[in-house]
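Structural overview for review
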Amino acid sequence: DQQVKQNSPSLSVQEGRISILNCDYTNSMFDYFLWYKKYPAEGPTFLISISSIKDKNEDGRFTVFLNKSAKHLSLHIVPSQPGDSAVYFCAAGAGTASKLTFGTGTRLQVTL
Amino acid sequence: NAGVMQNPRHLVRRRGQEARLRCSPMKGHSHVYWYRQLPEEGLKFMVYLQKENIIDESGMPKERFSAEFPKEGPSILRIQQVVRGDSAAYFCASSPTSGEYGYTFGSGTRLTVV
């Protein structure tokens, strides 16, 4: 029962271009969404979040878009840099509960 | 200003042994969460604890797994009689209050059961 899905296991983008990572969810109770970045042998690092009352949140090179009717969110990274190469996890939460449901991750490779 | 500290980083256990994973939250954080990542999968919630209290253990396997966060000392995730399927990366996270979704993760403990 995968409530948060990241259907692209990997993505390769040239340096300077836009990276778009996608995430779909099925649980209508989710009202808070986050993106985490993870390097090998390290814990996930929080990147950016969005509440369900918004459809866009921006932080520097990172923008998250939320389409509630489609139960879809995306992370845009522009311009992409080699240091962005990592695994990106989408996560969702509901109400005041503190547990998060994670997707399976997308491995982003930014090439020179 | 140390982050979330987990130890050991790597743990090897034979089938049937016990595994103890430790997590010291960030200073000032009283909420601790444990997640498990199986190979090629995302992180799965296991348990949420506050000092001396288990708040949500809905993700914990019914048998062999237990967690505590005592008044003094680190949080402990304990796995009794380990099996090969317990091999995974176990991540701890902490936050200063509940509902803090952008909480801070530790670097994880990689458990290998041989």
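In this report, the structure presented in the accompanying data block is examined. (Residues numbered from 1 in each chain as written. Chains lettered and ligands numbered in written order. Predicted model: local features only at pLDDT ≥ 70, side-chain atom pairs only at ≥ 80, totals over all residues. Heavy atoms only, no water.)

**Observations concerning the overall build of chain B**
For clarity, the cut-off: Each helix is a run of DSSP H or I of at least 4 residues and each strand a run of E of at least 2, with the numbering of both proceeding from the N terminus. Note that the radius of gyration is over C-alpha atoms, with the globule rule given as 2.2 Å times the number of residues to the power 0.38. Residues are treated as being in contact if the distance between any of their heavy atoms lies within 4.5 Å. We get accessible surface area from the Shrake-Rupley algorithm with a probe of 1.4 Å; when it comes to residues, only the shown protein chains can shield them.
Across its full length, chain B holds 0 helices and 11 strands. The secondary structure elements of chain B, listed N-terminal to C-terminal, are β-β-β-β-β-β-β-β-β-β-β. On C-alpha atoms alone, chain B measures out to a radius of gyration of 13 Å, which is about the 13 Å that the 2.2 N^0.38 rule sets for 114 residues. Principal-axis analysis of the C-alpha atoms places the extent of chain B at approximately 35 × 25 × 25 Å. Taking all contacts inside chain B whose residues are at least 6 apart in sequence as the whole, residues at least 24 apart take part in 53%. Looking at chain B as shown, the accessible area adds up to about 5,800 Å², and 45% of this sits on carbon and sulfur atoms.

**Digging into the packing of aromatic side chains**
This is how it is decided: Two aromatic rings from Phe, Tyr or Trp, using only the six-membered ring of Trp, form a pair when their centres are within 6.5 Å; if the ring planes differ by under 30 degrees the pair is stacked, by over 60 it is edge-to-face, and anything between is tilted. For every residue, the accessible area obtained with a 1.4 Å probe (protein chains only) is divided by the maximum for its type, and the residue is called buried under 20%, exposed over 50%, and partly exposed between those limits.
Counting across every chain of the model gives 14 aromatic pairs over all chains. Relative to Phe105 of chain B, the ring of Phe102 of chain A has its centre 6.3 Å away and its plane inclined at 75 degrees; by these criteria the two rings are edge-to-face. You can see Phe102 of chain A sitting in strand S10 (residues 101-102) and its partner Phe105 of chain B sitting in strand S10 (residues 104-105), one on each of two chains. Here Phe102 of chain A and Phe105 of chain B have matching classes, each one buried. Linked through ring pairs, Tyr36, Phe46, Phe89 and Phe102 of chain A together with Tyr33, Tyr35, Phe45, Tyr48, Tyr103 and Phe105 of chain B together constitute an aromatic cluster.

**What about the sheet that holds strand S1 (residues 4-5) of chain A?**
All names here are of chain A. Threshold: Strands pair, by our definition, only if DSSP identifies at least two bridges between them.
Read across the sheet, 5 strands follow the order S1-S3-S8-S7-S6 without closing on themselves; strand pairing throughout is antiparallel. A single partner strand is all that each edge strand has here, and the edge strands are S1 and strand S6 (56-59). In the sheet, strand S3 (residues 19-25) pairs with strand S8 (residues 72-77) via 6 bridges, with the strands oriented antiparallel. Bridge pairing links Asn22 to Ser74 in S8.

**Section: the side chain of Ser95 of chain B**
Which entries qualify depends on this criterion: Here a polar contact is recorded for every N or O atom pair within 3.5 Å, except that within protein the pair must consist of a potential hydrogen donor and a potential acceptor, and residues adjacent in sequence are included only if both atoms are side-chain atoms.
Looking at the element boundaries, Ser95 of chain B is found in strand S9 (residues 88-95). At a separation of 2.7 Å, a polar atom in the side chain of Ser95 of chain B contacts the side chain of Tyr33 of chain B.

**Points about the pattern of salt bridges**
What counts is decided by this rule: Here, a salt bridge means any Lys or Arg side-chain nitrogen found within 4 Å of an Asp or Glu carboxyl oxygen.
One pass over the structure, following the stated rule, counts 5 salt bridges over all chains. As a salt-bridge pair, Arg61 of chain A and Asp84 of chain A come within 2.8 Å of each other at their nearest N and O atoms. Of the two residues, Arg61 of chain A is situated in the loop between S6 and strand S7 (62-67) and Asp84 of chain A in the loop between S8 and strand S9 (86-93); the sequence distance between them amounts to 23 residues. For the salt bridge of Arg20 of chain B with Glu18 of chain B, the shortest nitrogen-to-oxygen distance reads 2.8 Å.

**Examining the interface of chain A and chain B**
Put simply, the rule reads: Accessible area that two parts lose when put together, with a 1.4 Å probe and added across both, is what the buried area reports. Each residue is assigned to one of three groups, with Ala, Val, Leu, Ile, Met, Phe, Trp, Tyr, Cys and Pro labelled nonpolar, Asp, Glu, Lys and Arg labelled charged, and all others, Gly among them, labelled polar.
Each side of the interface is counted separately: chain A has 22 residues, and chain B has 22 residues. Taken as a group, Ser98, Lys99 and Phe102 of chain A account for 33% of the area that chain A buries against chain B, more than any other trio of residues on that side. Counting across the chain A and chain B interface gives 0 salt bridges. Scanning the region where chain A abuts chain B turns up 3 residue pairs in polar contact (both at pLDDT 80 or more). Per-element tally for the side of chain A that touches chain B: the top contributor is strand S4 (residues 32-38) of chain A, with 4 residues. Considered class by class, the residues forming the side of chain A that touches chain B number 11 nonpolar, 8 polar and 3 charged.

**Description of the state of the cysteines**
Note the threshold: By disulfide we mean two sulfur atoms from cysteines, separated by a distance within 2.5 Å.
Taken as a whole and assessed by the stated rule, the structure comprises 2 disulfides over all chains. The disulfide partner of Cys23 of chain A is Cys90 of chain A, and the gap between their sulfur atoms is 2.0 Å. Here the S-S torsion is close to -70 degrees, and the disulfide linking Cys23 of chain A with Cys90 of chain A is therefore left-handed. Of this pair, Cys23 of chain A sits in strand S3 while Cys90 of chain A sits in strand S9, and the two are 67 residues apart along the sequence. Grouping residues by exposure puts Cys23 of chain A and Cys90 of chain A together as buried. Sulfur-sulfur distance for the disulfide between Cys23 of chain B and Cys92 of chain B comes to 1.8 Å. Between Cys23 of chain B and Cys92 of chain B, the S-S torsion sits near -55 degrees, and that sign places the bridge as left-handed.

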